[in-house]
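What the coordinates show
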Amino acid sequence: MRVEFLVRPLLPLFVTFVLAGCASLVGGVPPPSLERAEAFARRGETAAAAAEFERLAAQNPPGPAWDLRLRAARAWLAAGRPGDARRVLAAADAEVAAGYAPSASQRLLRELARIDLVASEGQPQAAWAQLGAVAEPTEAALREVYLELRQRLAFATARPIDGIRAEIARESLAPTPEIRSRLRRELFAQLRSASERGVKLDPAAAGRDSVLRGWLELGPLAALAAERGGVAPALASWRARYPSHPASELVRAELPIATGNAAREAGTHVAVLLPLSGRAAAAAAQIRDGLLAALFSEPESGRPELRFYDTEQLGVAAALDEARRAGANFVIGPLLREEVIAAADAATGGVEMLALNYLPAERPTPAGLFQYALSPEDDARLAARRVLADGHRRGVALVPEGDWGARVLAAFRDELQRGGGVLLSSAQYAPGSNDYSAAIQDVLRLSDSRARERRLENLLGTTLEFLPRRRGDIDFLFAPAPAATARLLRPQIRFHYGGDIPAYATSDAYEPGLTANQDLEGVIFPDMPWVLSGGPAVERLRAATQAAFGEAARARGKLYAFGHDAWLLAAALRARGASDVTAIVVDGATGRITLDADGRSRRELEWAQIRNGTPRLLAGTPD
């Protein structure tokens, strides 16, 4: 089987390194043919260079001739003519047989050329094994030749991490910025080619090495850009993650993207405040990528400039101050609730802000501050409205212990009572447990049924056959829970005779793509269009996401859609002029978004019921 081998792009660099061994040419001054050979090599005319080196070797004594033949062999290999390279190397070996004793450096160069020949003849794996037996030299010129070969062999044998590390080592030897730039372009091309050939470039394998991880992420992006374009959001995301990466300038040159309108007013931009490092970095990354996807779906002429500020590193107050000084005319973020409180304390300074979380209910909203969030309390209010719209008035709730469960329960109860419903009782369970029997029996009053049994047995003086009965005045059961808990909770409710009660949950209960969702059979829940359905806007976003992120598109979840819609909502706020914010309506991937008079978002979601493990859309989302 023929294996295609990468062409050697840096033959002139090799020529420079080996030239030091040719100081004893006839007459002490390089003849014109040597100048021509080197000129051919610099222009990439490697076959012509090889022929010149060979003719020059024939005019020189064994020592200089040996060096020239090695250079000729290298040039023939670069020209894709391994047969000629083998012939030249055989001539060099003949000189050794005739009595010439090459130096240690010459022997090493001969060995590297021989390994290169093995690879060029279609055996890169064998060549890699042979190179592994060669100790890495310490002399800079020889080390460069060794590392260049190691880099090419690594990519030829699907070892991208070894190839990247070889290039990084070569950069430490490069004497000028121009050579370092050339090395990075070479690595960039190798990574793109590797991705196009299907070589796995796994960023997780880089561990905490951000330079290595950045290169591994860049390869598939370069391949996608070459194949079909549309990767601007992913490239902008890469730049935001790796602002000081060695490839940053190369990416700007090789894969240019327009991040804003060239005709915009100088010094103005939209600032995005996110915790891009620290404990919330993964969530912030999804939101950032969604923002970028929405930004690049707009016409280039209308895009504002977008700048990211890391609130984990800067702090909210300092990030706001820096954004204002740099000319920000709108702010998106911050994300965490404590950050939003800090932003409200700092005041907007005349720059409007779309916070990505809610202030506490008792906290007044400063002028110019708008709030958008994926709130479980909002889900609970929607669930209460759905319960009432479905004709149910009396029910019970089962919630996890802790702040989350208390907030969700309070929101549900408040909305239910506003609509004329009654929450008969509620019970809490420990979310870390796998057995929720006590809470279920409590809320369904199975313990009352068993107490009646014991009283009858005592009265009659005999043991009765008994089937427990739950309370009969329940129209519905509200059981919000994270997905993993919900999948354990629902079967236990059925076991305790509650399977026929209409069951409602929040969007947290459903996790797409799992066969275990069969355990949620019958549960009714709200969720965003990004999860449940399509529609033209969502389908366009899915197509753009696939184009931008390739295989990684499948990992873009709810926070990605949240970031996308945050940009749409911010754009609507920026464009509203003197209009009231309550007139804004955004039909987005997270639902239909509106704002109340206080600038707080409200979302209308779609509704589904789990049937045979699959969510089936329900008609009639309540107003």
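These numbers come from a predicted model, not from an experiment. (Residues numbered from 1 in each chain as written. Predicted model: local features only at pLDDT ≥ 70, side-chain atom pairs only at ≥ 80, totals over all residues. Heavy atoms only, no water.)

Comments concerning the overall build of the chain
The number of helices and strands found in the chain is 25 helices and 15 strands. Taking the contacts inside the chain whose residues are at least 6 apart along the sequence as the reference set, 66% of them involve residues at least 24 apart. By element, 51% of the accessible surface of the chain is carried by carbon and sulfur atoms, the whole surface being about 27400 Å². (Helix = DSSP H or I, 4+ residues; strand = E, 2+ residues; numbered from the N terminus. Contact = heavy atoms within 4.5 Å. Areas by Shrake-Rupley, 256 points an atom, 1.4 Å probe, with all protein chains shown as cover.)

Considerations on the packing of helix α6 (residues 104–120) against helix α7 (residues 124–132)
At a closest axis distance of 7 Å, the pairing of α6 and α7 adopts a crossing angle of 160°. By the angle between their directions, the pair α6 and α7 is classed as roughly antiparallel. Crossing angle aside, the handedness with which α6 passes α7 is left-handed. Contacts between α6 and α7 involve L112, R114, I115, V118 and A119 from the first element and P124, A126, A127, Q130 and L131 from the second. (Axes fitted to C-alpha atoms, helices over the stretch in contact; angles between N-to-C directions. Parallel < 35°, antiparallel > 145°, perpendicular 65-115°, else oblique. Left-handed = near helix turned anticlockwise from the far one by under 90°.)

Brief notes about the environment of Q125
Secondary-structure assignment places Q125 in helix α7. For Q125, the residues in contact, after removing those within four places along its chain, are T157 and R159. A polar atom in the side chain of Q125 sits 3.2 Å from the side chain of R159. (Polar contact = N/O pair within 3.5 Å; in protein donor to acceptor, adjacent residues only side chain to side chain.)

Quick word on the confidence of the model for the chain
The pLDDT averaged across the chain works out to 85; a share of 86% of its residues lies at or above 70. Predicted confidence is poor over residues 1–30, with pLDDT under 50, and the contacts of this stretch with residues over four places away or in other chains come to 67 contacts. Here residues 260–266 scores under 50 on pLDDT; set against residues more than four positions off or in separate chains, the count is 8 contacts. (pLDDT = per-residue confidence, 0-100.)

Here's the deal with unusual backbone geometry
Here the residue pair G333 and P334 is connected by a cis peptide bond, since its omega of 0° sits within 30 degrees of zero. Phi at A158 takes a positive value of approximately 60°, unusual for a residue other than glycine. Its location among the elements puts A158 in the loop between α8 (140–156) and α9 (160–173). By relative accessible area, which is 45% here, A158 ends up partly exposed. (Buried < 20%, exposed > 50% of the residue type's maximum accessible area, 1.4 Å probe, protein only.)

A look at the nonpolar core
Judged by nonpolar contacts, the single largest core of 83 residues is most densely connected at W215, L398, F412 and F478. Setting aside its immediate chain neighbours within four residues, W215 contacts I164, R184, L187, F188, L191, H245, A247 and L250. Membership of the second largest hydrophobic core comes to 44 residues, among which are L77, V88, V145 and A154. (Core = buried A, V, L, I, M, F, W, Y, C linked by side-chain atoms within 4.5 Å.)

Section: α8
Along its 17 residues, α8 runs 24 Å from first to last C-alpha, staying within 8% of the 24 Å computed at 1.5 Å per residue. Taking burial as the measure, the 17 residues of α8 include 13 buried ones, the bulk of the element. A158, located one to two residues past α8, shows a positive phi value of around 60°. (Expected span 1.5 Å × (residues − 1).)

Quick look at the sheet that holds strand β12 (residues 591–595)
In space, the 3 strands of this open sheet follow the order β11-β12-β13, with antiparallel pairing throughout. Each having just a single partner strand, β11 (585–588) and β13 (601–604) make up the two edges of the open sheet. In this sheet, neighbouring strand axes are inclined to one another by 25° on average, regardless of whether the strands run parallel or antiparallel. Both β12 and β13 contribute to a ladder of 4 bridges, which runs antiparallel. Paired with I593 across the strands is R603, a residue of β13. (Pairing = 2+ DSSP bridges.)

A closer look at the pairing of strand β10 (residues 524–527)
Every other side chain in a regular strand lies on the same face of the sheet, so the side chains alternate between the two faces. Covered by surrounding structure in β10 are I524 and P526 together with F525 and D527, the residues of both alternating faces. Bridge count between β10 and strand β14 (residues 606–611): 4 bridges; the pairing is antiparallel. Among the inter-strand pairings, D527 is bridged to a residue of β14, identified as E606.

Some thoughts on the pattern of salt bridges
Applying the stated criterion to the full structure yields 41 salt bridges. Residue E52 pairs with R36 through a salt bridge whose shortest N-O separation is 3.4 Å. In this pair, E52 is assigned in helix α3 (residues 46–58) and R36 in helix α2 (residues 32–42), connecting sequence segments 16 residues apart. Taking the relative accessible area as the measure of exposure, E52 reaches 6% and is therefore buried. Take R36: its relative accessible area is 43%, and that puts it in the partly exposed class. Between D414 and R418 there is a salt bridge; the shortest N-O distance is 2.9 Å. A residue pair is termed a helical-turn pair when its members lie 3 or 4 positions apart in one helix, as D414 and R418 do in helix α19 (residues 403–418) at 4 residues. Residue D414 is classed as partly exposed on the basis of its relative accessible area, which comes to 33%. (Salt bridge = Lys/Arg side-chain N within 4 Å of Asp/Glu carboxyl O.)

A look at the sheet that holds strand β3 (residues 328–332)
Read across the sheet, 5 strands follow the order β2-β1-β3-β4-β5 without closing on themselves; strand pairing throughout is parallel. Of all the strands in the sheet, just β2 (306–310) and β5 (369–371) have a single pairing partner and so form its edges. The average undirected angle you get between the axes of adjacent strands in this sheet is 25°. Examined bridge by bridge, β3 and strand β4 (residues 353–355) share 2 bridges and lie parallel to one another. Bridging from a neighbouring strand, V331 pairs with M353 of β4. Here helix α16 (residues 316–325) sits on the sheet in contact with β1 (269–274), β2, β3 and β4, set at roughly 170° to β1.

Focus on the side chain of D84
Considering the arrangement of structural elements, one finds D84 in helix α5 (residues 82–97). At 3.2 Å, the side chain of D84 and the side chain of R87 are in polar contact.

So, the environment of R616
Within the secondary structure layout, R616 lies in strand β15 (residues 614–618). Remark: the alpha-carbon pair of R616 and I524, spanning 92 residues in sequence, is separated by 9.4 Å.

What to know about the packing of aromatic side chains
For the structure shown, the criterion picks out 8 aromatic pairs. Residues W238 and Y242 carry aromatic rings whose centres are separated by 5.4 Å and whose planes lie at 45° to one another, so their mutual orientation is tilted. Joined through ring pairs, the aromatic side chains of F412, F476 and F478 make up one cluster. The positively charged end of R542 is found above the aromatic ring belonging to W530, 4.4 Å away from the centroid. Seen from the ring of Y358, R600 lies directly overhead, with NZ or CZ sitting 3.6 Å from the centre. (Phe/Tyr/Trp six-rings, centres within 6.5 Å; stacked < 30°, edge-to-face > 60°. Lys NZ or Arg CZ within 6 Å of the ring centre and 35° of its normal.)

Notes on the environment of G214
As for its position among the elements, G214 is in helix α11 (residues 210–227). Residue G214 is classed as buried on the basis of its relative accessible area, which comes to 0%. Considering only alpha carbons, one finds G214 and W238, 24 residues apart in sequence, at a separation of 7.7 Å. If we skip the residues at most four places from it in the chain, G214 touches W238, Y242 and H245.

Points about the packing of α3 against helix α4 (residues 62–78)
Relative orientation of the contacting elements α3 and α4 amounts to 160°, with a least axis distance of 8 Å. One way to sum up the angle between α3 and α4 is to call them roughly antiparallel. Crossing angle aside, the handedness with which α3 passes α4 is left-handed. Facing α3, whose interface residues are T46, A47, A49, A50, A51, F53, E54, L56 and A57, α4 presents A65, L68, R69, R71, A72, A75, W76 and A78. Classifying every residue of the contact of α3 with α4 gives 13 nonpolar, 1 polar and 3 charged. (Nonpolar A, V, L, I, M, F, W, Y, C, P; charged D, E, K, R; others polar.)

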